[in-house]
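Descriptive structure summary
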Amino acid sequence: MSKVIYSASVSLDGFVALPNDEVGPLFDWYASGDTEYPLPGTNMVFKVSRVCAALFDENWTKIGASVTGRHTFDVAHAWGGNPPGGGNHFVVTHHVPPEWVYEGSPFTFVTDGIANAVGQAKNTAGTDKHIDVVGANIMQQCLKAGLLDEIHIDLIPLLLGEGIRLFDNLASEPAKLETIRVIEDTGVTHLQFRVVKE
Ligand SMILES: NC(=O)c1ccc[n+]([C@@H]2O[C@H](COP(=O)([O-])OP(=O)(O)OC[C@H]3O[C@@H](n4cnc5c(N)ncnc54)[C@H](OP(=O)(O)O)[C@@H]3O)[C@@H](O)[C@H]2O)c1
């Protein structure tokens, strides 16, 4: 069954970006290994450890569609029209950017909330592919709405001090997680959790 998964590089003090939205050294590990990994859907080629390339292969090839926050979409300049994952990105926003609305655009703009965006992404992806959630704010809303199945953290041994917090605006009730696996790697620890739904 299609799973809804959030993945991000996160500093030890819980930030996904600096206050100016730059990721700073959070993404250094994408270029510090000896194994090339061409990121599906883009022209980017990562250089990571062999362990990480195998993990990427497991995750990236299973992405069928993405649910993306408008802020990340803007910061990334719409990835020049070649968004990561290669599938359709359902961009959650209050204001549709007309320049990206055309037949064959990799972006569909959703103005009526994340549940609708996740539903449309699932319909597009099919049951054997997963939905990639992009954007901390969108992840928080998915978590609160019970729509998120897994959280994958690439934990970076770095203290950013300030910036965009990953776990902000959570529900008042605790969210229980189960550890799926922990993989120690060079300059990064890969942590995967399942969201417990009772
Ligand atoms: N470390 C990593 O791996 C990593 C990966 C990706 C991104 N990042 C960074 O993470 C940060 C993400 O920022 P973020 O979490 O604040 O934003 P986000 O999740 O990317 O986008 C939030 C925006 O989406 C729109 N939105 C959210 N919910 C909505 C709703 N229910 N209905 C309509 N529109 C809605 C709003 O924009 P509008 O009101 O403008 O429409 C809102 O400001 C960025 O700095 C990015 O560079 C880090």
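The rules behind each value
- Residues numbered from 1 in each chain as written.
- Predicted model: local features only at pLDDT ≥ 70, side-chain atom pairs only at ≥ 80, totals over all residues.
- Heavy atoms only, no water.
- Helix = DSSP H or I, 4+ residues; strand = E, 2+ residues; numbered from the N terminus.
- Rg over C-alpha atoms; globule rule 2.2 N^0.38 Å.
- Buried < 20%, exposed > 50% of the residue type's maximum accessible area, 1.4 Å probe, protein only.
- Contact = heavy atoms within 4.5 Å.
- Areas by Shrake-Rupley, 256 points an atom, 1.4 Å probe, with all protein chains shown as cover.
- Lys, Arg positive; Asp, Glu negative; His and termini not counted.
- Charge placed at Lys NZ, Arg CZ, Asp CG, Glu CD.
- Pairing = 2+ DSSP bridges.

**Looking at the overall build of the protein**
On a plain count of helices and strands, the protein comes out with four helices and twelve strands. Radius of gyration (C-alpha) of the protein: 16 Å, near the 16 Å computed for a compact globule of 198 residues. The C-alpha extent of the protein, read off along each of the three principal axes, is 40 × 40 × 35 Å. Counting across all 198 residues of the protein, residues that qualify as buried make up 44%. A separation threshold of at least 6 residues defines the contact pool for the protein, and within that pool the share at least 24 residues apart is 62%. Of the roughly 10400 Å² of accessible surface on the protein, 53% is carried by carbon and sulfur atoms. Separation between the mean location of the 13 positive side-chain charges and that of the 24 negative ones in the protein comes to 7 Å.

**Quick word on the pairing of strand 3 (residues 35-38)**
Only one face of strand 3 is buried: it carries Thr-35 and Tyr-37, and the other face, with Glu-36 and Pro-38, is open. Pairing analysis gives four bridges linking strand 3 to strand 4 (residues 45-48), with the strands arranged antiparallel. Bridge pairing in strand 4 places Tyr-37 opposite Phe-46. Counting the residues between successive antiparallel strands, the hairpin from strand 3 to strand 4 contains six residues, one of them, Gly-41, with a positive phi of roughly 90°.

**Examining the environment of Ala-76**
Of note, Ala-76 is situated in the loop between helix 2 (70-75) and strand 6 (88-92). In this structure, the C-alpha to C-alpha distance between Ala-76 and Glu-22, residues 54 residues apart in sequence, is 9.9 Å.

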